[in-house]
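# Descriptive structure summary
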Amino acid sequence: MIPAERQKRILMLLSEHDLISIAELVEIMQVSHMTVRRDIQKLEEQGKVVSVSGGVQLLQRLFSEPTHDDKSLLFQSQKQAIGVAAARLITDSKTVYLDAGTTTLEIAHHIAKRSDLLVITNDFVIANFLIKEGNGELIHTGGHVCKDNYSSVGELSAQFLRNISIDVAFVSTSSWNLKGLTTPDEKKLAVKRAIVESSKKNVLVTDSSKYGKVATFWIYGLDVFDTIVTDKDLLESVQKNIQNLNIELMLA
């Protein structure tokens with residue numbers, strides 16, 4: 001059986017089962033563990049499956065994002081660790097973009113007292129925190145208000161970002177895999193794309209729970225990022241695949 005046929009068989013089996021172990025695939029297809037792992041890696045690179053410990057499953061479909069309030073209760077320790085690690089990437093006298101999100105809010109907590117930074121954000125919670133606690137300069141993008149996530153989205157926000165030169169941008173996501181980032185909200189596309197167009201360095205900050213999820217709209221591939229900061233629970237196989245893409249990976 002040639003690789004394309006094996007990969008098609010894996011997808012067919014996954015359509016019938018939520019998860020299949022590597023051992024089961026080895027037995028069903030009568031090939032080696034290494035062959036199965038290569039087939040899974042190829043499918044994962046295509047954004048069709050996701051590796052799990054000892055096996056593989058289809059990507060989890062995300063139809064809507066949790067609200068800001070709901071997200072703030074999830075994976076708090078991981079987000080705090082990511083925030084500390086990401087803040088260390090910011091050198092002196094930089095223009096920094098913080099994307100909307102509870103992980104980027106953690107970055108804000110660790111850079112608030114720095115007076116040498118200009119922080120740009122589309123997040124009202126981040127802006128409000130930095131208004132009260134920040135020592136540096138602050139700009140909010142403005143734009144259409146997304147009430148559930150306390151942020152600005154849409155073309156007005158994107159147009160503002162296209163006219164700004166950003167040194168380093170910290171981008172959040174609700175869903176990602178080896179193929180790239182997705183979102184269930186079309187209004188976020190313009191802002192997400194404008195960020196990376198305007199920034200010299202792009203950093204993805206996301207906890208590992210969001211890996212393996214896919215939403216309706218593709219934003220861009222992982223290759224737009226110089227660095228990914230996530231937590232230590234990300235599978236080792238995924239870590240290796242990211243490093244093979246020549247992207248710096250930081251585990252907090």
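Residues numbered from 1 in each chain as written. Predicted model: local features only at pLDDT ≥ 70, side-chain atom pairs only at ≥ 80, totals over all residues. Heavy atoms only, no water.

## So, unusual backbone geometry
Where the residue is not glycine, phi is negative for most of them; where a peptide bond is considered, it is trans in most cases. For clarity, the threshold we go by: In this text, helices come from DSSP runs of H or I with a minimum length of four residues, and strands from runs of E with a minimum of two, each type numbered from the N-terminal end. Classification of residues uses two cut-offs on accessible area relative to the type maximum, computed with a 1.4 Å probe and protein chains only: under 20% is buried, over 50% is exposed, and between them is partly exposed.
Backbone geometry places Gln30, a non-glycine residue, at a positive phi of 55°. Looking at where Gln30 falls in the secondary structure, it is placed in the loop between helix H2 (22-29) and helix H3 (33-45). Phi is positive for Tyr150, close to 55°, though the residue is something other than glycine. With respect to the element layout, Tyr150 can be found in the loop between strand E8 (144-146) and strand E9 (151-153). Residue classification places Tyr150 among the partly exposed positions, given a relative accessible area of 31%.

## Some thoughts on the side chain of His68
For clarity, the cut-off: Only heavy atoms matter for contacts: two residues are in contact if any of them lie within 4.5 Å across the pair.
Within the element layout of this structure, His68 appears in helix H4 (residues 68-71). If sequence neighbours within four positions are ignored, His68 has contacts with Thr102, Val125, Asp148, Asn149 and Tyr150.

## Describing the packing of aromatic side chains
To keep it simple, the criterion reads: Note on ring pairs: Phe, Tyr and Trp rings are taken, using the six-membered ring of Trp, and paired if centres are within 6.5 Å. Classes follow the plane angle, with under 30 degrees stacked, over 60 edge-to-face and the rest tilted.
As enumerated under the stated definition, the model contains two aromatic pairs in all. With a centroid separation of 4.9 Å and 80° between ring planes, the pair formed by Trp176 and Tyr211 is classed as edge-to-face. Taken as a pair, Trp176 in strand E11 (residues 175-176) and Tyr211 in the loop between strand E13 (199-205) and strand E14 (213-214) lie far apart in primary sequence, 35 residues in all. Look at Trp176 and you get buried, because its relative accessible area is 0%. Tyr211 gets classed as buried once you look at its relative accessible area, which sits at 7%.

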